[in-house]
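Given next are the chains, with one letter for each unit.
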Amino acid sequence: MGIRIMLRLIISKSKSCCTRRSFSVQSSSSAPINPFSSASRAANSTSRSIAAPFTSLTNSNGSLRFTSFSRFPEPGIVGGSFNVSGFSWNLRNFSGEPERESINYDVVVVGAGPAGLAAAIRLKQLCREKDVDLSVCVVEKGAEVGAHILSGNVFEPRALDELLPNWKQEEAPITVPVSSDKFWMLTEKRAIPLPSPFDNRGNFVISLSQLVRWMGMKAEELGVEIYPGFAASEILYDAEDKVVGIATNDMGVAKDGSKRENFQRGVELKGNITLFAEGCRGSLSEKVIKRYNLREKVKAQHQTYALGIKEVWEVDEAKHEPGSVLHTIGWPLDNMTYGGSFLYHMNDRLVSIGLVVALNYHNPFLSPYDEFQKFKQHPAIKPLLEGGTVLQYGARTLNEGGFQSIPYPIFPGGAIIGCSAGFLNVPKIKGSHTAMKSGMLAAEAAFGVLNGGSDMNIYWDNLKKSWVWEELYRARNYRPAFEYGLYPGLALSAVEHFVLKGRSPLTLKHGKPDHESTHVIELHSPIQYPKPDNVVSFDVPTSLYRSNTNHEHDQPPHLRLRDPKIPELVNLPYYDGPETRYCPARVYEYVTNEEGQQKLQINAQNCLHCKACDIKDPKQNIEWTVPEGRGGPGYTVM
């Protein structure tokens, strides 16, 4: 019996950016057909070609037309052509191994986060202002726009005011203004109020995943083509070593590398300009930075990171204070580990709570996940959560290098924007507004290149003239001040913030890279964490379920060991297997084999795409690569 396949149109269209328009055909395969691939046009064997259900189709905004189809082509037969936003996509002959299709755009954006969508929107705004038609696409590895977006988030609307000044009238999901702003120093039993270094007047408590969904709608209304569910896995270069786009990874490949029945080739998305907006520690962005020595070009220091672990709770109405903002520092972290918590009251009785732990911590026995569970037991925090319900859990790394760690963001053929370049303001704990502004500036530079013959380097020039640069410069010494410990850090940062106001004549440097900061086990004692009470603290499997994380099990592992011997020869004897603790999803565990030896087992299906392993592994032995598109967490209110 034939199984119904949802053959998605090239563009996902809905007001929520998450419901895909589709039509149905009958086929012997049960997997969704990749709309980019030859397989989507040869969904059955040569003996059973599929009649096309249309000869012409235009989508809701008029930007997509399918033409010249009498039927889906069979293997070895040219089947017609697509016309999308004025450019053509010809279906090519193939025999045996299908060729990878190639689609040309003016601008390809990798990542549908705040930076990527801001860039796409700004490009299309300029097209309307100048009466120019440029094709822009955004490729996103999450199953939906916003599915992989996690942030605190107290939102500063400065960049959005510039990009979409009518956002209030256009029903952006930004409705809860900050009503109070508190800062506590925690000890095990007490909460000591301190002067707040955060000025959140005029800011809003939001869900960033909901905001980018709304931004995705705005981008599509302007004619941006958004492709959720497709992971950019490869950078394309021309003969002159210029980036000319990306390729999505093949789908339907089994763990052993063989091709399953539903195998589909990836597609090449080629652009005159490619913008990488993958977020913190973007896998392709990091390759570009290394290939073109972008840090060395401006003598930038290495990037330093933190891991943020977050839950969204629904709490009792009597305990809910919409717009209330709380940050803490100190307990449960030791005095040499930088980090702190956040607790934000959103709307509808929802509360965001999380712990941020700097990944340059020393103790190999430290578990950020268990520190977070411990934090929720504090007598000043637990009463709020008791009687409530956890709705969602997730984790993500964030850049903390700030001004000192910004690489030169331009490479031949494109630029790096947003958190891929590292524009987070650490003392504010905010990066969405700076990420968006960087995307807007890159878009303006890209438009000038494509329409005015200017140079992409104007992005760097304008970035240094912008409020982003001024803001990050003033905040540059806050994070490195804590290299000396909690109390010296508080003293130095207080002087920097309240007295010097960012005008210090000195620029402090970061310490060792995060992976070099982990001490061997002889220097520390194991940490005994309390067992979860299943009231406010939970085990990892319970939390993982709340993240909606899902991956196709039968696919090549996207977490790769550069040397498979290092876990057993180095990590386990010298660091007691720290990957079993720094990962907030229990992806890594040591199991005993038949010979009684401890071997590392990688449960890649649990991966939250947080990137902590790519950063913190002591020997940098773990390489994080993209899994099949649509895999990973499914955040909705994070």
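Structure shown above.
Residues numbered from 1 in each chain as written. Predicted model: local features only at pLDDT ≥ 70, side-chain atom pairs only at ≥ 80, totals over all residues. Heavy atoms only, no water.

Enquirer: Outline the overall build of the protein chain, listing residues and values.
Expert: Assigned secondary structure in the protein chain consists of 16 helices and 30 strands. Counting the 638 residues in the protein chain, one finds 61% classified as buried. Just so you have it, the protein chain exposes about 25300 Å², and 50% of that area is on carbon and sulfur atoms. (Helix = DSSP H or I, 4+ residues; strand = E, 2+ residues; numbered from the N terminus. Buried < 20%, exposed > 50% of the residue type's maximum accessible area, 1.4 Å probe, protein only. Areas by Shrake-Rupley, 256 points an atom, 1.4 Å probe, with all protein chains shown as cover.)

Enquirer: Lay out helix 10 (residues 467–474) in plain terms, naming residues and giving numbers.
Expert: The complete set of buried residues in helix 10 reads Trp-467, Val-468, Trp-469, Glu-471 and Leu-472. Buried residues along helix 10 sit in contact with helix 2 (158–163), helix 8 (432–452) and helix 9 (458–465). (Contact = heavy atoms within 4.5 Å.)

Enquirer: Talk me through the environment of Ser-207; I want residue IDs and the actual numbers.
Expert: The residue Ser-207 is located in the loop between strand 13 (204–205) and helix 3 (208–221) in this model. Measuring from C-alpha to C-alpha, the distance between Ser-207 and Asn-153 comes to 6.3 Å, with 54 residues separating the pair along the chain. Looking at Ser-207, its side chain comes within polar contact range of the main-chain oxygen of Met-638, at 2.9 Å. (Polar contact = N/O pair within 3.5 Å; in protein donor to acceptor, adjacent residues only side chain to side chain.)

Enquirer: So what about the nonpolar core? Which residues, and what values?
Expert: Of all hydrophobic cores here, the largest spans 87 residues; its most connected members are Ile-174, Met-215, Ile-246, Leu-269, Leu-275, Met-456 and Tyr-459. Ranked by size, the runner-up nonpolar core spans 82 residues in total, among them Val-357, Phe-538, Cys-583 and Tyr-590. (Core = buried A, V, L, I, M, F, W, Y, C linked by side-chain atoms within 4.5 Å.)

Enquirer: Provide a residue-level description of the sheet that holds strand 9 (residues 154–155), including the pertinent values.
Expert: Strand order in the open sheet formed by three strands is 9-13-10, and the pairing between neighbours is antiparallel. Every interior strand has two partners, whereas the edge strands, strand 9 and strand 10 (176–177), have only one. Alignment of strand 10 against strand 13, held across two bridges, turns out to be antiparallel. Bridge assignment links Pro-177 to a residue of strand 13, and that residue is Phe-204. (Pairing = 2+ DSSP bridges.)

Enquirer: Please give an account of the sheet that holds strand 20 (residues 305–314) that cites residues and values.
Expert: Pairing in this open sheet of seven strands is mixed, and the strands run 12-11-21-22-23-20-24 from one edge to the other. Only two strands of the sheet have a single neighbouring strand rather than two, namely strand 12 (191–193) and strand 24 (389–399). For this sheet the average axis-to-axis angle between neighbouring strands, irrespective of direction, equals 20°. Here nine bridges tie strand 20 to strand 23 (residues 350–358), and the two strands are oriented antiparallel to one another. Bridge pairing in strand 23 places Glu-314 opposite Leu-350. (Axes fitted to C-alpha atoms, helices over the stretch in contact; angles between N-to-C directions.)

Enquirer: So, helix 9: which residues are in play, and what are the values?
Expert: Those residues of helix 9 that fall on the buried side of the exposure criterion are Tyr-459, Trp-460 and Leu-463. Taken down its axis, helix 9 places every buried residue within 95° of arc, on the same side. For helix 9, the secondary structure elements touched by its buried residues are strand 25 (410–411), strand 26 (414–416), helix 8 and helix 10. (Arc of directions from axis to C-beta.)

Enquirer: Can you lay out the environment of Glu-162 for me, pointing to particular residues and giving the numbers?
Expert: Counting through the fold element by element, Glu-162 comes out in helix 2. Residue classification places Glu-162 among the partly exposed positions, given a relative accessible area of 36%. For the pair Glu-162 and Lys-437, spaced 275 residues apart in the sequence, the C-alpha separation amounts to 8.7 Å. For Glu-162, the contacting residues outside a window of four places in its chain are Lys-437, Met-440 and Trp-467. There is a polar contact of 2.7 Å between the side chain of Glu-162 and the side chain of Lys-437.

Enquirer: Describe the side chain of Gln-303, with residues and values.
Expert: Within the element layout of this structure, Gln-303 appears in the loop between helix 5 (294–297) and strand 20. With relative accessibility at 6%, the residue Gln-303 sits in the buried group. For Gln-303, the contacting residues outside a window of four places in its chain are Arg-295, Asn-399, Glu-400, Gly-401, Gly-402, Ser-405, Ala-421 and Gly-422.

Enquirer: Can you tell me about the packing of aromatic side chains, naming the residues and giving the values?
Expert: Two numbers describe a pair of aromatic rings. These are the distance of the centres and the angle of the planes. Tallied over the entire structure, the rule returns 14 aromatic pairs. Linked through ring pairs, Phe-403, Tyr-408, Trp-460, Trp-469 and Tyr-473 together constitute an aromatic cluster. Seen from the ring of Trp-624, Lys-611 lies directly overhead, with NZ or CZ sitting 4.4 Å from the centre. (Phe/Tyr/Trp six-rings, centres within 6.5 Å; stacked < 30°, edge-to-face > 60°. Lys NZ or Arg CZ within 6 Å of the ring centre and 35° of its normal.)

Enquirer: Outline the pairing of strand 7 (residues 101–110), listing residues and values.
Expert: A large share of strand 7 lies buried, amounting to eight of its ten residues. Where strand 7 lies against strand 19 (residues 267–276), nine bridges are found, and the strand directions are parallel. From the neighbouring strand, Ser-102 faces strand 19, where its bridge partner is Glu-268. Across four bridges, strand 7 lies against strand 8 (residues 136–140) in parallel orientation. By the bridge assignment, Val-107 is partnered in strand 8 with Val-136. Regarding the hand of the β-α-β motif, the stretch spanning strand 7, helix 1 (residues 114–130) and strand 8 is right-handed. (Right-handed = clockwise from strand over helix to strand, strands pointing away.)

Enquirer: I'd love a proper account of the packing of helix 8 against helix 10, names of residues and values included.
Expert: Close contact between helix 8 and helix 10 brings their axes to 10 Å; oriented N to C, the two are set at 140°. For the pair helix 8 and helix 10, the crossing hand works out as left-handed. The segment helix 8 lies against helix 10, with His-433, Thr-434 and Lys-437 engaging Trp-467, Val-468 and Glu-471. For the contact of helix 8 with helix 10, the class distribution of residues is two nonpolar, two polar and two charged. (Left-handed = near helix turned anticlockwise from the far one by under 90°. Nonpolar A, V, L, I, M, F, W, Y, C, P; charged D, E, K, R; others polar.)

Enquirer: Tell me about the pattern of salt bridges, and name the residues and values.
Expert: A side chain of one charge can pair with a side chain of the opposite charge when the charged atoms of the two come close. This structure, assessed with the given rule, holds 24 salt bridges. One salt bridge connects Arg-201 with Asp-199, and the closest N-O pair in it is separated by 2.9 Å. The shortest N-O distance in the salt bridge between Glu-470 and Arg-474 comes to 3.5 Å. Taken together, the residues Glu-470 and Arg-474, both in helix 10 and four residues apart, mark about one turn of the helix. Using a relative accessible area of 45% as the deciding quantity, one classes Glu-470 as partly exposed. (Salt bridge = Lys/Arg side-chain N within 4 Å of Asp/Glu carboxyl O.)

Enquirer: Kindly report on the packing of helix 8 against helix 9, identifying the contributing residues and their values.
Expert: Where helix 8 meets helix 9, the closest approach of the two axes is 8 Å, and the angle between their N-to-C directions is 140°. Viewed along their axes, helix 8 and helix 9 adopt a mutual orientation that is oblique. Crossing hand, helix 8 versus helix 9: right-handed. Residues Ser-438, Leu-441, Ala-442 and Ala-445 of helix 8 form the contact with helix 9, whose participating residues are Ile-458, Tyr-459, Asn-462 and Leu-463. Considered class by class, the residues forming the contact of helix 8 with helix 9 number six nonpolar, two polar and no charged. (Parallel < 35°, antiparallel > 145°, perpendicular 65-115°, else oblique.)

Enquirer: Quick one: what's the story with unusual backbone geometry, residue by residue and with numbers?
Expert: Note the cis peptide between Gly-152 and Asn-153, where omega equals 5°. Examined against the element boundaries, Asn-153 turns out to sit in the loop between strand 8 and strand 9. The linkage connecting Trp-331 with the following residue, Pro-332, adopts the cis geometry, with an omega of 10°. Its place among the elements puts Pro-332 in the loop between strand 21 (324–330) and strand 22 (339–345). Here the phi dihedral of Arg-349 falls at roughly 65°; this positive angle occurs in a residue that is not glycine. Residue placement: Arg-349 occurs in the loop between strand 22 and strand 23. Assessed through its relative accessible area of 29%, Arg-349 is described here as partly exposed. At Arg-586, a residue that is not glycine, the phi angle is positive and equals roughly 55°.

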